Protein chains: 2
Amino acid sequence: MRMQDIARRLGISAMTVSRALKSDSSVAPTTRAAVLKAIEELGYVPNQIAGSLSSRRSGFAAVLVPSLNNPHFSETVLALGSALQARGMQLLIGNTEYDRRKEAELVRALLARKPEAIILTSDGHDPRILPMLAKAKIPVVEIWDLPARPIQHVVGFSNRIAMRGLIAALIAQGYSRITYLGEADDADTRGASRRLGYCEAMAAAGLGPRLCSIGRPPATMSDGERGLDTVLSAFPDTELVACVSDPLAFGVIAACQRRGWVVPDRLAVSGFGDFEIARIGVPAITTVQIDAGQIGREAGGIIGEAFDALRDLPLAPVIRPVPALPCLRASTMIAR
Amino acid sequence: MRMQDIARRLGISAMTVSRALKSDSSVAPTTRAAVLKAIEELGYVPNQIAGSLSSRRSGFAAVLVPSLNNPHFSETVLALGSALQARGMQLLIGNTEYDRRKEAELVRALLARKPEAIILTSDGHDPRILPMLAKAKIPVVEIWDLPARPIQHVVGFSNRIAMRGLIAALIAQGYSRITYLGEADDADTRGASRRLGYCEAMAAAGLGPRLCSIGRPPATMSDGERGLDTVLSAFPDTELVACVSDPLAFGVIAACQRRGWVVPDRLAVSGFGDFEIARIGVPAITTVQIDAGQIGREAGGIIGEAFDALRDLPLAPVIRPVPALPCLRASTMIAR
DNA sequence: CTGTTAGCGCGTTCAC
DNA sequence: GTGAACGCGCTAACAG
């Protein structure tokens, strides 16, 4: 069924049907009512593929995340979706699974569908995507980090500085034998930035780095449970395990509890991200607080601005930092 | 840039360029190489909107889930995506946020983009989507439940029977004062099915239902933490709290631990779904095991079969049950 | 193996 | 307020 069919049925032209479906165009109220009624009765669904080809507007933006199974990214995606919906756009989600090659393939596949904007979660990108993005001439927003060389717009925070701040705060609490537990194979990722921040904070206090890694990203609770052994064999005198993320920290804590160890008395543990489990788990987990929803909202706002600006000249690159502050909780609160 | 531009540059026709991009069509190897080289150099990205309009194949399937922030659904979506990718199709994800009206709007919006299949997470559907789906003439798969009146294909399990089985097993362990904790406003949802299963198991043992509800779906860890008070004020003699999901159960356990109560000695707790937290948390949580990935793979398989069958006549509706069995763990293991 | 023709179903643009 | 002609960029179907 096409617009033509609706039109013929009412003795009008397809163009009038098309206009009746856009709320802003001028159609006689009675005509519009008749059109909408016919559409309802016949169960007609417009073909947006044809519409997009003709109007050169696909009506959607694409977002790439490394994982859906992560409350942070899903919250960001949710907020982004709402922000874009307010501008009449849908959000198409792509999952890179922490794989740069997959990201590059996805970018290519998605650009073929002509998104009107694209949001990338900062991690090292395949260099081949840069010319593709440039040619697409659409707003690009990188989120969840502050990359050294941004592609265009950015909404995020420095994972390095955030982790450095957390470790500095823990050192100020009196900890010194702090061992870092992160993912393996994390070159050019947010995880690597966090590890660097840890190293910097340790160095600033005259302490050497104590690094352990386990599993490929994303770091899971199970990785954490196995990670405790890794940490203890490498650095048996560890006082505090600084984990790359909250779920990993939760796994370490669970492993301690299985051994009958009290956290933080026997061993302290910190995470990153302020996931729900960091607040609810017992003990509550010391972490870095991030507002994942805010990142999505800000990104949506920038895309909106970019659309408005496009009429004249492209919006100058926007770098929008969001807060990422240490939050000390029971998992590192020992009486000294 | 269009195919025409590539073609002119090489002194061939656009059609040959088009064919060179499809691996199965017959083009001279040298021609194809030249085309691919030119495309690479110029950074040409085909316009799939035009391609879809012409070929009447959009190249994607749509999946609707109630929430992305749920490891189960994200795992299902991941497996489904892989299964479809093997058939050269992309997956478009829609988030209904446990809202039937939103689901209906999404179905309409997605059908306008002509998906080649649609996967719905079973929950009560808005009746208006049925005619829309029927007219679309595409495979429809409902997942994560066994609906009484399936739309077409189904991959799932009976949430009612699964919960009934779990409660029966717990009753067999010696529990009788079992209180159910689920979401409010869960009419026609998987949550309601689970509650019904609980009631049936209790009735079968000659016990009356003890029902509590808190929060709207999805049930979160925070809901669980608050839920303990709700349960105890309504049923102070509760021995075991049967929760609609694992995160809710984890919240209840955390609340117990904050009170200094030992689970399961002072109060036992069960969940549903076998989330990672149910295995890793201490104590491990008694639950119902579901293989979320299997649901995605099976759904992808059915869609594949439906495509193959379409040449002749549509595939007869497939109802594919997946296992959902009780798994008793420490959170309900008391010495009696 | 390659080219030509003719749409796919809409929206833009103009005319009325 | 409404209609007609045209084209968006690609591919199916056929011809060669």
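Right above here is the structure, for reference.
Quick summary incoming for the structure in this document. (Residues numbered from 1 in each chain as written. Chains lettered and ligands numbered in written order. Predicted model: local features only at pLDDT ≥ 70, side-chain atom pairs only at ≥ 80, totals over all residues. Heavy atoms only, no water.)

**A short note on the protein's contact with DNA strand D**
Argument step 1. Lining the immediate surroundings of DNA strand D are 25 residues, of which Thr16(A), Arg19(A), Met3(B), Ser18(B) and Tyr44(B) lie closest.
Argument step 2. The contact in question runs from a phosphate oxygen of DNA strand D to an N or O atom on the side chain of Tyr44(B), over 2.3 Å.
Argument step 3. Between a base nitrogen of DNA strand D and a main-chain N or O atom of Ala50(B), the distance comes to 3.3 Å.
Argument step 4. Mapped by element, the contributors of at least two residues to the surface near DNA strand D are helix 2 (14-21) and helix 4 (48-55) of chain A together with helix 2 (14-21) and helix 4 (48-55) of chain B.
Argument step 5. Per-element accounting of the surface near DNA strand D gives the leading share, four residues, to helix 4 of chain B.
Argument step 6. In terms of residue class, the surface near DNA strand D is made up of ten nonpolar, ten polar and five charged. (Near = heavy atom within 4 Å. Polar contact = N/O pair within 3.5 Å; in protein donor to acceptor, adjacent residues only side chain to side chain. Helix = DSSP H or I, 4+ residues; strand = E, 2+ residues; numbered from the N terminus. Nonpolar A, V, L, I, M, F, W, Y, C, P; charged D, E, K, R; others polar.)

**A word on the pairing of strand 2 (residues 90-95) of chain B**
Residue and element names in this part refer to chain B.
Argument step 1. Counting buried positions along strand 2 yields five of six residues, so the element is predominantly enclosed.
Argument step 2. Pairing between strand 1 (residues 60-65) and strand 2: six bridges, direction parallel. Pairing of Val63 across the sheet is with Ile93, part of strand 2.
Argument step 3. Handedness of the crossover joining strand 1 and strand 2 through helix 5 (residues 71-85) is recorded here as right-handed. (Buried < 20%, exposed > 50% of the residue type's maximum accessible area, 1.4 Å probe, protein only. Pairing = 2+ DSSP bridges. Right-handed = clockwise from strand over helix to strand, strands pointing away.)

**What to know about the pattern of salt bridges**
For side chains of opposite charge, pairing can occur when their charged atoms come near one another.
Residue and element names in this part refer to chain A.
Argument step 1. By the definition in use, this model includes 42 salt bridges over all chains.
Argument step 2. The shortest N-O distance in the salt bridge between Lys37 and Glu41 comes to 3.2 Å. With Lys37 and Glu41 both in helix 3 (residues 29-42), this residue pair falls four residues apart, about one helical turn.
Argument step 3. Its relative accessible area of 54% is what places Lys37 among the exposed residues.
Argument step 4. By relative accessible area, Glu41 is classed as partly exposed at 47%.
Argument step 5. One salt-bridge network, in which partners are shared between bridges, spans Arg177, Arg210, Asp237 and Glu239. (Salt bridge = Lys/Arg side-chain N within 4 Å of Asp/Glu carboxyl O.)

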